[in-house]
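# Analysis of the macromolecular model
Chain residues, written in single-letter form:
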Amino acid sequence: MELLSISVKIILLTTIIIDSGFLIFIFLKRKRGLIYYLLMIHILGILGWAISILLILQYINVFAAKLTFVFAIILAVAKFWFIKVFPENTFPKQIINYWSLLPAFFILIVSFLDGALFREIKVVDGYYINVTNGTYSMPYFIIITYFLIYPLFILFQKYRKGKYNAVIKNQLKYLFAGMTLFFITGLLTNYILPVFFNVYFF
């Protein structure tokens, strides 16, 4: 168990180091635009999530546990909007396109409330986190799932439109493959296990 605990922490540290380097690399690029900023926010979300998980495993910090939910919704929303504006690199003009920010903002607020998303937290064997679900665990699951799965439909629709050249269509295919893998892995490890089985395994 000790070896597994150390391995998980090494993976988290590696994630933090790689994400930090990637963030600096993107920040230093001369070419800037909406897509670059959304990508940076997404990487910050992953970075914050990894740091929060590490703090929980090391110190069983309740505030860090709240931050895992905060950073999870930040990275999910950033990814959602990255897909939405790619490759046009501009925000949509119609106000109706921004309705999804309301449930995201709701999750951000309730994440800081005691008992809202979890009631009790404990680290088991030093490598996974067990929590008692809070009042808004199910709404959180529904909202975060929407932000993870809807971009797949957006990518599919963009690919079928046929208005993009071969290079952009290839990028859309790679994004779709990456998003599908991210969705399946994220759904299993961060939402199905915590919400239905109270297990936060890494």
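Heads up: these notes are all about the structure in this document. (Residues numbered from 1 in each chain as written. Predicted model: local features only at pLDDT ≥ 70, side-chain atom pairs only at ≥ 80, totals over all residues. Heavy atoms only, no water.)

### Here's the deal with the environment of Val70
Threshold: Secondary structure elements follow DSSP: runs of H or I no shorter than four residues count as helices, runs of E no shorter than two count as strands, and numbering proceeds from the N terminus. We call two residues contacting when some pair of their heavy atoms lies within 4.5 Å.
Within the secondary structure layout, Val70 lies in helix α3 (residues 62-85). Sequence separation between Val70 and Ile107 is 37 residues; the distance between their C-alpha atoms is 7.6 Å. Once residues within four sequence positions are removed from consideration, Val70 is found in contact with Leu108, Ser111 and Phe112.

### Focus on the nonpolar core
As a reminder of what qualifies: For the purposes of this section, nonpolar cores are sets of buried Ala, Val, Leu, Ile, Met, Phe, Trp, Tyr and Cys residues that join through side-chain atoms within 4.5 Å. Throughout, exposure labels follow a simple rule: accessible area from a 1.4 Å probe, protein chains only, divided by the maximum for the residue type, with under 20% read as buried, over 50% as exposed, and the rest as partly exposed.
Within the largest apolar cluster, 56 residues are counted, with the highest numbers of intra-cluster contacts made by Leu12, Ile73, Ile129 and Phe147. Only α1 (2-28), α2 (34-59), α3, α4 (101-110), β1 (118-124), β2 (128-133), α5 (137-161) and α6 (166-197) provide two or more residues apiece to this core. The element best represented in this core is α3, accounting for 13 residues.

### Description of α4
So the rule is basically this: An arc is given here, and it is the one of the directions from the helix axis to the C-beta atoms.
Buried within α4 we find Ala104, Ile107 and Val110. For α4, the angular spread of the buried residues around the axis is 135°, confining them to a single face. Exposed residues pointing more than 90 degrees away from the buried face of α4 are listed as Leu102 and Phe105. Where α4 is buried, its residues touch α3 and α5.

### Remarks on unusual backbone geometry
With an omega dihedral of 0°, the bond running from Phe86 to Pro87 counts as a cis peptide bond. Within the element layout of this structure, Pro87 appears in the loop between α3 and α4. One non-glycine residue, Ile60, lies in positive phi territory at about 50°. With respect to the helices, strands and loops of the structure, Ile60 is situated in the loop between α2 and α3. With a relative accessible area of 43%, Ile60 lands in the partly exposed category. If you check the backbone angles, Asn89 has positive phi at about 70° while not being a glycine. Tracing the backbone shows Asn89 in the loop between α3 and α4.

### Looking at the packing of aromatic side chains
Here the distance between the centres and the angle between the planes together describe a pair of aromatic rings. Rule in force here: Whether two aromatic rings pair depends on their centres lying within 6.5 Å, for rings of Phe, Tyr and Trp, where Trp uses its six-membered ring; planes under 30 degrees apart make the pair stacked, over 60 edge-to-face, and the rest tilted.
Under the definition given, this model contains 15 aromatic pairs. Between Trp99 and Tyr146, the aromatic rings sit 5.5 Å apart at their centres with planes inclined by 50°, giving tilted as the arrangement. Residue Trp99 is found in the loop between α3 and α4, and its partner Tyr146 is found in helix α5; the two are separated by 47 residues along the sequence. Classification of Tyr146 as partly exposed rests on a relative accessible area of 24%. Site record: aromatic cluster; members linked through ring pairs are Phe80, Trp81, Phe91, Tyr98, Trp99, Tyr146, Phe147 and Tyr150.

### Observations regarding the pattern of salt bridges
The condition is simple: Every case where a carboxyl oxygen of Asp or Glu lies within 4 Å of a side-chain nitrogen of Lys or Arg is listed as a salt bridge.
Evaluation of the coordinates by the stated rule reveals two salt bridges. A salt bridge links Lys66 to Asp114, with the shortest nitrogen-to-oxygen separation between them at 2.5 Å. On the criterion of sequence distance, the pair formed by Lys66 in helix α3 and Asp114 in the loop between α4 and β1 is long-range, its members being 48 residues apart. Judged by its relative accessible area of 9%, Lys66 falls in the buried class. Residue Asp114 is classed as exposed on the basis of its relative accessible area of 68%. The closest approach of N and O atoms between Lys158 and Glu88, which form a salt bridge, is 3.8 Å. Placement of the pair is Lys158 in helix α5 and Glu88 in the loop between α3 and α4, with a sequence separation of 70 residues. Given the relative accessible area of 36%, Glu88 is considered partly exposed.

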